[in-house]
Protein chains: 2
Amino acid sequence: MKNVTIQDIARVAGVSKSTVSRVLNGTVAVNPEKKKSVLDATKRLGFKPSLIARSLASGRSMTIGVLTQMIGSPFYDAISQGVIAGLGDTGYSPLFADGRWQVQKEADALTALVGRRVDGVVLVGGSMTSEQISEVCMGLPTLTVARRFYDQPIHSIAIDNELGGYQATDCLLRLGHQRIAMIRGIEQHEDARDRFAGYQRAMGEAGVAVDPSLVVDGDFSAESGIRAVGELLSRGCEFSAIFAANDLTAFGARLALDRNGLRVPDDVSLVGFDDQMESAFFVPPLTTIRQPAREMGKQASVAMMNLINGSGFESCLLTSELVVRESTRSVKD
Amino acid sequence: MKNVTIQDIARVAGVSKSTVSRVLNGTVAVNPEKKKSVLDATKRLGFKPSLIARSLASGRSMTIGVLTQMIGSPFYDAISQGVIAGLGDTGYSPLFADGRWQVQKEADALTALVGRRVDGVVLVGGSMTSEQISEVCMGLPTLTVARRFYDQPIHSIAIDNELGGYQATDCLLRLGHQRIAMIRGIEQHEDARDRFAGYQRAMGEAGVAVDPSLVVDGDFSAESGIRAVGELLSRGCEFSAIFAANDLTAFGARLALDRNGLRVPDDVSLVGFDDQMESAFFVPPLTTIRQPAREMGKQASVAMMNLINGSGFESCLLTSELVVRESTRSVKD
DNA sequence: TTGTAAGCGTTATCAC
DNA sequence: GTGATAACGCTTACAA
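The structure displayed is predicted, hence computed values, not measured ones. (Residues numbered from 1 in each chain as written. Chains lettered and ligands numbered in written order. Predicted model: local features only at pLDDT ≥ 70, side-chain atom pairs only at ≥ 80, totals over all residues. Heavy atoms only, no water.)

Turning next to the overall build of chain A. Regarding its fold elements, chain A presents 12 helices and 12 strands. Relative to the globule expectation of 20 Å for 333 residues, the C-alpha radius of gyration of chain A, 26 Å, shows a markedly less compact shape. Once the C-alpha set of chain A is aligned to its principal axes, its extents read approximately 90 × 40 × 30 Å. For chain A, restricting intrachain contacts to residue pairs at least 6 apart in sequence, the fraction spanning at least 24 positions comes to 69%. (Helix = DSSP H or I, 4+ residues; strand = E, 2+ residues; numbered from the N terminus. Rg over C-alpha atoms; globule rule 2.2 N^0.38 Å. Contact = heavy atoms within 4.5 Å.)

Written out as structure tokens, the structure reads:
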């Protein structure tokens, strides 16, 4: 089945290709009658303009490439949604590609995006280095979300993870906790390091020494939360609260605590990070740090539009918010 | 910054466009020397072939459009991952678009996909009617995942939701429960209806009459789980088990039960549907029906490849699996 | 206001 | 093997 082209429409409507194009794009005024017959023909023949040909001819694809890491993380998902929302009716459409958190796949996907001649690239998370990215994108407007780069060419929209870590720890300290354990995220992950830094700062400011035996490594997974609590318990050190690097880890920790007869929040207070959908319905509902994920995605879209039309880039570091629910309570005396 | 074209390479390498194309695609043999110089030039100039021009010229875009509904659902996410995995090294790349569960957006996104001249379309969930889809896709290989169509032109890969509903209910019945409540999903949603049908069949086969007052409506959200339990309790009817239409609903139900002093599984057994990641770490870990989401996505890719190269379509209805964890126990006597 | 014609960057079809 | 040259479907000067 051959596709209907602009030429077919022109023939049927009795006008030239150009006129059809003009009607379709509304670039310049055309005779109402002709306009009508073009529109009619369009509808009658079921004409679907080829965006491909259009891009090739105009040089702009009117699409923004969005490279995600679909690890099933609600956080990254929310960002994507924000990007979509932010693009709204700008005329640009998002084109998603996925890196699956594997550098090679990520590079391939990005190359594919660039090959499709997207007008800009938004990278949500990911692990390619700034150099690798620049090499592939070559001057294309590029920005990252939920990942901070300090280089000039790649702009980034991120939240202040250090602040988040501080907020979580501070909340616990205010409730009178001193023996606060922290389950960290992936060590190489900058977010994880920042959150831990926030924990350290809060402890320091409160004049509470950080006990190294209360800090356990994790990897952002629920399993690692379980393991971490096991580790903490086997070390035999006392703690009245746990700050987990993300909600998923907190879920695992909560389960492990339960299995060991420790009640949340009665015996141990628990704070997560992310505020993913399920957290509000956990038993007990989880106190956590909300990341404005959706908002970040929106900001990314707005920033991208500015980048494209040359308005420049306004750097912004969004802030997280403490959401107090029922997994925390003041320390028993 | 002008993009490097095949023409530039040709000039630098001292050959014709055609030869460059041949080297790049490896269609026919070319002189090794020329080949080398082309490859060199390619690398040196940082040439990135324009997939757009390629598609226009060849008529095939080598991309499969995947229309998702990014509602942040782990289930649909897993399907997408399956599709990606299934495409593997077939040479085809997935092109994602999103409908956000809004018919209009969905139609727009699908139109955009078709406009991009994808070689096939995979619809993951969604709410467009079979007619609407056909109208937009016009003869393009199309198939749906997690949604069943009985029409000829649109193939579908789905799981047997009725069976899943049966499995969940049967599991409860075998544990001795008779007063089994069901929190249904969105009424218009076929999956929801099928799951309920499975519940009815299991009850029927066990010779247990379905008490209408034990059936409550929900909408697949955690909030609806909370509301449903409230409703059940206010009706004052007794029940020793609940089958929730999906895990999220089960989460909400679990929280509501807790708030009302009912323990899971001691007072009430609870079964969900989906087996989303968090379910294994719930307190208590949730007994649920696992949907082979990833597998479905993979199957979709395979089926699409067959559709494209004309091998025809082998319909398949995948089956769900009961995952017994700790939210269920035999009825107290 | 409208038509003609020249691209846009590839692939594909020819001859050579 | 290789190089012209014509598509592919559309946009966009440039004329008229």
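Bringing the relation of the copies chain B and chain A into the picture now. Of the two same-sequence chains, chain B is brought onto chain A (RMSD 0.1 Å, axial shift 0.1 Å) by a rotation of 180°. What the superposition gives is, in effect, a two-fold axis relating one chain to the other. Every residue of chain B has its C-alpha some distance from the rotation axis, and the shortest such distance is that of F96 of chain B, at 2.5 Å. A shared binding surface is used by both copies, with 100% of the interface residues of chain B retained as interface residues in chain A. (Least-squares fit on C-alpha atoms with pLDDT ≥ 70 in both.)

The immediate surroundings of DNA strand D are formed by 25 residues, with I6 and K17 of chain A together with T19, R22 and N31 of chain B found nearest. For DNA strand D, the fraction of atoms within 4 Å of the protein that belong to sugar or phosphate moieties is 60%. The side chain of T19 of chain B places a nitrogen or oxygen atom 2.4 Å from a phosphate oxygen of DNA strand D. A distance of 3.2 Å separates a base oxygen of DNA strand D from a polar backbone atom of A57 of chain B. Those elements giving two or more residues to the surface near DNA strand D turn out to be α2 (17-25) and α4 (51-58) of chain A together with α2 (17-25) and α4 (51-58) of chain B. A per-class count over the surface near DNA strand D returns 10 nonpolar, 10 polar and 5 charged. (Near = heavy atom within 4 Å. Polar contact = N/O pair within 3.5 Å; in protein donor to acceptor, adjacent residues only side chain to side chain. Nonpolar A, V, L, I, M, F, W, Y, C, P; charged D, E, K, R; others polar.)

Between chain B and chain A, the contact holds 53 residues from the first and 54 residues from the second. Both sides of the chain B and chain A interface together cover about 5000 Å² of buried area, and 66% of this is carbon and sulfur. Three residues stand out in chain B for area buried against chain A, namely I52, R116 and F281 of chain B, and they jointly supply 15% of the buried area on that side. Taken together, chain B and chain A are joined by 2 salt bridges. Two residues, R259 of chain B and E326 of chain A, come together in a salt bridge whose shortest N-O distance is 2.8 Å. Where chain B packs against chain A, one counts 10 residue pairs in polar contact (both at pLDDT 80 or more). If one sorts the elements of the side of chain B that touches chain A by residue count, helix α11 (residues 247-259) of chain B sits on top with 7 residues. A per-class count over the side of chain B that touches chain A returns 26 nonpolar, 13 polar and 14 charged. (Buried area = accessible area lost by both parts, 1.4 Å probe. Salt bridge = Lys/Arg side-chain N within 4 Å of Asp/Glu carboxyl O.)

Take F96 of chain A: it is sitting in strand β2 (residues 93-98). The buried category is assigned to F96 of chain A, whose relative accessible area is 1%. Taking the C-alpha atoms as reference, F96 of chain A lies 35 Å from K35 of chain A; in sequence the two are 61 residues apart. Apart from residues lying up to four places away in sequence, F96 of chain A is in contact with V66, T68, S80 and I84 of chain A together with M70, P94, L95 and F96 of chain B. (Buried < 20%, exposed > 50% of the residue type's maximum accessible area, 1.4 Å probe, protein only.)

Below, the discussion takes up the pairing of strand β3 (residues 120-124) of chain B. All names here are of chain B. The element β3 is extensively covered by neighbouring structure, given that 5 of its 5 residues are classed as buried. Along β3, one buried face is formed by G120, V122 and V124 and the opposite face, lined by V121 and L123, is buried too. As judged from the 4 bridges shared by strand β1 (residues 63-68) and β3, these two strands associate in the parallel manner. Its bridge partner lying in β3, G65 is registered against V121. Traced from β3 through helix α7 (residues 130-137) to strand β4 (residues 142-145), the parallel crossover comes out right-handed. (Pairing = 2+ DSSP bridges. Right-handed = clockwise from strand over helix to strand, strands pointing away.)

Residue and element names in this part refer to chain B. With respect to the helices, strands and loops of the structure, D275 is situated in the loop between β9 (269-271) and β10 (288-290). Of note is the side chain of D275, whose polar atom sits 2.8 Å from the side chain of R290. With near-sequence residues (within four places) excluded, D275 lies in contact with D247, T288, I289, R290, V323 and R325.

Many structure descriptions define interface size as the accessible area lost when the parts assemble. Residue and element names in this part refer to chain A. Domain parsing of chain A yields domain 1 (6-49), domain 2 (63-159 + 292-320) and domain 3 (161-290). Relative to domain 3, the C-alpha centre of domain 2 lies at a distance of 30 Å. Carbon and sulfur atoms make up 43% of the surface buried where domain 2 meets domain 3, a total of about 810 Å² over both sides. On the domain 2 side of the interface with domain 3, the three residues burying the most area are P74, I159 and S320, jointly 52% of the side's total. Joining domain 2 to domain 3, the criterion identifies 0 salt bridges. At the surface where domain 2 touches domain 3, the tally comes to 2 residue pairs in polar contact (both at pLDDT 80 or more). The dominant element in the side of domain 2 that touches domain 3, judged by the number of residues it contributes, is helix α5 (residues 74-87), at 3 residues. Taken together, the residues of the side of domain 2 that touches domain 3 sort by class into 7 nonpolar, 2 polar and 1 charged. (Domains from an automatic or database assignment.)

To continue, consider the nonpolar core. Judged by nonpolar contacts, the single largest core of 95 residues is most densely connected at I79 of chain A together with I79 of chain B. Those residues in contact with I79 of chain B that lie beyond four places of it in its chain are V124, V145, A146, A293 and G297 of chain B. Core analysis: the next-biggest nonpolar cluster, separate from the first, contains 52 residues, A181, I242 and L270 of chain A together with A253 of chain B among them. (Core = buried A, V, L, I, M, F, W, Y, C linked by side-chain atoms within 4.5 Å.)

This paragraph deals with the protein's contact with DNA strand C. The environment of DNA strand C is formed by 26 residues, the closest being S18, T19, R22 and N31 of chain A together with I6 of chain B. Within 4 Å of the protein, the contacting atoms of DNA strand C are 60% sugar and phosphate, with bases supplying the remainder. Between DNA strand C and the protein, one listed contact pairs a base oxygen with a backbone N or O atom of L56 of chain A at 3.4 Å. S50 of chain B places a main-chain nitrogen or oxygen 3.1 Å from a phosphate oxygen of DNA strand C. Of all the secondary-structure elements, those providing two or more residues to the surface near DNA strand C are α2 and α4 of chain A together with α2 and α4 of chain B. Each residue belonging to the surface near DNA strand C can be placed in one class, and the counts come to 10 nonpolar, 10 polar and 6 charged.

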